[in-house]
Amino acid sequence: WSSDVCSSDLFHADLSAWPQVRMEVLAVDPDGAPVQGITADALVARGLRNNVAVSAFEPSADPQSVCVLIDASDSLGDGLSLVQTKVRRLLKKLPANDEVCVAAFSSQLSLAQPLTADHAAVLQALAQLKPAQGTQLRDGLLDLAAYMRQSARFKSRVIVLVSDGTDRHSAASTRSEERRVGKE
């Protein structure tokens, strides 16, 4: 769903009750703040062929495990400080009951702050990130996903990836990643 007022990202689609589909969606305004007051009649699911009306909409207050994975590689250049500012703004808007972590990748994954309910500790770890050589985006993402599967307390798990998309050094190929993630 999107409009001039906000945009949304699909995090998870559950097809187990097909043809009913349950989706986890994050709707944010242009400043990245979650949009409040959305109703089912205001939503349309846009498919490849047809648009489908949303029959029910239930905002969830359940806590989440959220990890922010930041590209701290040299390919990002001077953009790391801007990324830190934007991520700081996002983290401050997360509900207090969410557990959060911050990680960075360059030549390898660095877990700057493991999952914690202490949002202040996450903000401190974010401020300490420094650029480094190498870009292993796929490897970092896979390693962080494995960490979350083992360590996250909550059923709802989100990885927010902030990157320029460049991956020069990952050992994992895109195909092996798709096969691995598809089996889990």
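Here the structure is shown first, and the text comes after it.
Overview of the structure. (Residues numbered from 1 in each chain as written. Predicted model: local features only at pLDDT ≥ 70, side-chain atom pairs only at ≥ 80, totals over all residues. Heavy atoms only, no water.)

## Regarding the nonpolar core
Ile70, Val87, Leu91, Val102, Leu126 and Leu129 are the most contacted members of the largest nonpolar core, which totals 18 residues. For this core, the secondary-structure elements that each account for two or more residues are β5 (64-71), α1 (80-92), β6 (99-105) and α2 (119-127). Beyond its immediate chain neighbours, meaning those up to four positions away, Leu126 contacts Ile70, Gln84, Val87, Arg88, Leu91 and Val102. Ranked by size, the runner-up nonpolar core spans 11 residues in total, among them Cys67, Cys101, Leu137 and Leu144. (Core = buried A, V, L, I, M, F, W, Y, C linked by side-chain atoms within 4.5 Å. Buried < 20%, exposed > 50% of the residue type's maximum accessible area, 1.4 Å probe, protein only. Helix = DSSP H or I, 4+ residues; strand = E, 2+ residues; numbered from the N terminus. Contact = heavy atoms within 4.5 Å.)

## Considerations on α1
In a regular helix each residue adds 1.5 Å, so 13 residues correspond to 18 Å; α1 covers 18 Å between its end C-alpha atoms and thus fits that length. Where α1 is buried, its residues meet β5, β6, α2 and β8 (156-162). (Expected span 1.5 Å × (residues − 1).)

## What about the state of the cysteines?
Taken as a whole, this structure holds one disulfide when the rule is applied. The disulfide that involves Cys67 links it to Cys101, with 2.0 Å between the sulfurs. Taking the torsion about the S-S bond as the criterion, the Cys67 to Cys101 disulfide, at about 130°, is right-handed. On the criterion of sequence distance, the pair formed by Cys67 in strand β5 and Cys101 in strand β6 is long-range, its members being 34 residues apart. (Disulfide = S-S within 2.5 Å.)

## With respect to the pattern of salt bridges
Under the definition given, this model contains one salt bridge. With a closest N to O distance of 3.7 Å, Arg153 and Glu99 form a salt bridge. Within this pair, whereas Arg153 is found in the loop between α3 (137-151) and β8, its partner Glu99 is found in strand β6, the two being separated by 54 residues in sequence. (Salt bridge = Lys/Arg side-chain N within 4 Å of Asp/Glu carboxyl O.)

## Concerning the sheet that holds strand β7 (residues 109-116)
Strands sit in the order β7-β6-β5-β8 across an open sheet of four strands; the sheet is mixed. Where the open sheet ends on each side, the last strands, each with one partner, are β7 and β8. In this sheet, adjacent strand axes meet at a mean angle of 15° when their direction is disregarded. Of the strand pairs in this sheet, β5 and β6 are connected by seven bridges, and their pairing is parallel. When the bridges of β6 are listed, Val68 appears paired with Val102. (Pairing = 2+ DSSP bridges. Axes fitted to C-alpha atoms, helices over the stretch in contact; angles between N-to-C directions.)

## What to know about the pairing of β5
Most of β5 sits inside the fold, with seven of its eight residues counted as buried. Summarising the sheet, β5 and β8 pair through seven bridges and their orientation is parallel. If you follow Val66 over to β8, its bridge partner there is Val158.

## A few points about the environment of Ala145
Residue position: Ala145 is located in helix α3. With a relative accessible area of 21%, Ala145 lands in the partly exposed category. It is 9.2 Å that separates the C-alpha atoms of Ala145 and Cys67, two residues lying 78 residues apart in sequence.

## Some points on the packing of α1 against α2
As a packed pair, α1 and α2 sit with axes 10 Å apart at the nearest point and diverge in direction by 175°. Between α1 and α2, the angle is such that the two are roughly antiparallel. Residues Gln84, Val87, Arg88, Leu91 and Lys92 of α1 lie in contact with α2, whose contacting residues are His119, Val122, Leu123, Leu126 and Ala127. Counted by class, the contact of α1 with α2 contains six nonpolar, two polar and two charged residues. (Parallel < 35°, antiparallel > 145°, perpendicular 65-115°, else oblique. Nonpolar A, V, L, I, M, F, W, Y, C, P; charged D, E, K, R; others polar.)

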